[in-house]
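What follows is the residue order along each chain.
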Amino acid sequence: MGRERRTRSALALAALAAVVAAALAFACGGEGFDPKSRVDSVRMFGVQVDKPYARPGETVNLEVLLTDGRPVKTRPLKLFWIPLVCLNPPNDLYYVCFAAAAGVGGDGGAFAGAPRFFPAGPAATAAADAGADAAAAAGAAGENPLAQIPRGIDLGPFLPQGNRFSFRMPEDAI
């Protein structure tokens, strides 16, 4: 009886494997997915930075690699930069900068301690060169300069454009 039972178990296992294989074959379908290399919309592939660990006062250059694969381009593609540096987010969690910009956090939990925002780009560099304390004006002590902009205002004409952007790391960056 032991041999007969093993034979039945082996047959049952083989049948189960065949059913699973058939289910997987039918689940994937014949059409498949688009290849990941296909781009039919606007896609940002990444941002290259020349100094990922910049020292205070150094100029950092960023360049975006993106493509416009839209089949119908009703408007030209424009890339805008929000010229703010989010300095020292708690626990080095970059996404806390977005939560702070939205006014979320600061509840004493894992994200306690607000990051500081500093103006960046050519306008901030020109202000610093002229002797203005741009860092103090824009976001020392965690104040969010974006929260002061009324909703519904098109900032496009005032924002830097293009696939390249440069800024000087604040002098008091750690």
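Refer to the structure above for everything that follows.
What you see is a predicted model, and the numbers here were worked out from it, not measured in a lab. (Residues numbered from 1 in each chain as written. Predicted model: local features only at pLDDT ≥ 70, side-chain atom pairs only at ≥ 80, totals over all residues. Heavy atoms only, no water.)

**Considerations on the overall build of the protein**
The helix and strand tally for the protein stands at four helices and five strands. Its helices and strands taken in sequence order, the protein reads α-β-β-β-α-β-α-α-β from the N to the C terminus. Here the protein holds 174 residues, and the buried ones make up 18% of them. Contacts spanning at least 24 positions in sequence make up 64% of the contacts within the protein whose residues lie at least 6 apart. (Helix = DSSP H or I, 4+ residues; strand = E, 2+ residues; numbered from the N terminus. Buried < 20%, exposed > 50% of the residue type's maximum accessible area, 1.4 Å probe, protein only. Contact = heavy atoms within 4.5 Å.)

**Quick notes on a nonpolar patch on the surface**
A surface patch of nonpolar side chains, amounting to about 290 Å² of accessible area, comprises Leu13, Leu16 and Val20. Locating valine 20 in the fold gives a position in helix H1 (residues 2-28). Residue valine 20 is classed as partly exposed on the basis of its relative accessible area of 43%. (Patch = residues over 30% accessible without salt bridge, like charges linked within 9 Å, V, L, I, M, F, W, Y side chains within 5 Å. Areas by Shrake-Rupley, 256 points an atom, 1.4 Å probe, with all protein chains shown as cover. Salt bridge = Lys/Arg side-chain N within 4 Å of Asp/Glu carboxyl O.)

**Here we look at the pairing of strand E2 (residues 59-68)**
Pairing between strand E1 (residues 42-49) and E2: seven bridges, direction antiparallel. Directly across from valine 42, in E2, lies its bridge partner aspartate 68. In terms of strand pairing, E2 meets strand E5 (residues 164-168) through five bridges, oriented antiparallel. Note that in E5 the partner of asparagine 61 across the bridge is serine 166. (Pairing = 2+ DSSP bridges.)

**Thoughts on the sheet that holds E2**
With antiparallel pairing, three strands are arranged side by side in an open sheet as E1-E2-E5. Two strands lie at the open edges of the sheet, namely E1 and E5, each paired on one side alone. Strand-to-strand twist in this sheet, taken as the mean axis angle between neighbours without regard to direction, amounts to 20 degrees. (Axes fitted to C-alpha atoms, helices over the stretch in contact; angles between N-to-C directions.)

**Structural notes on the packing of aromatic side chains**
On inspection of all chains with the given rule, the structure shows two aromatic pairs. Between tryptophan 81 and phenylalanine 165 the ring centres are 5.1 Å apart and the planes differ by 15 degrees, which places this aromatic pair in the stacked class. Taken together, the positions of tryptophan 81 in the loop between E2 and strand E3 (84-87) and phenylalanine 165 in strand E5 put the pair 84 residues apart, joining distant regions of the chain. Owing to a relative accessible area of 12%, tryptophan 81 belongs among the buried residues under this scheme. Ring pairing ties together the aromatic residues Trp81, Phe165 and Phe167, which thus form one cluster. (Phe/Tyr/Trp six-rings, centres within 6.5 Å; stacked < 30°, edge-to-face > 60°.)

**What to know about the pattern of salt bridges**
Summed over all chains, the structure comprises three salt bridges. A salt bridge links arginine 38 to aspartate 40; the nearest nitrogen and oxygen atoms lie 4.0 Å apart. With relative accessibility at 45%, the residue arginine 38 sits in the partly exposed group. For aspartate 40, a relative accessible area of 41% translates into the label partly exposed.

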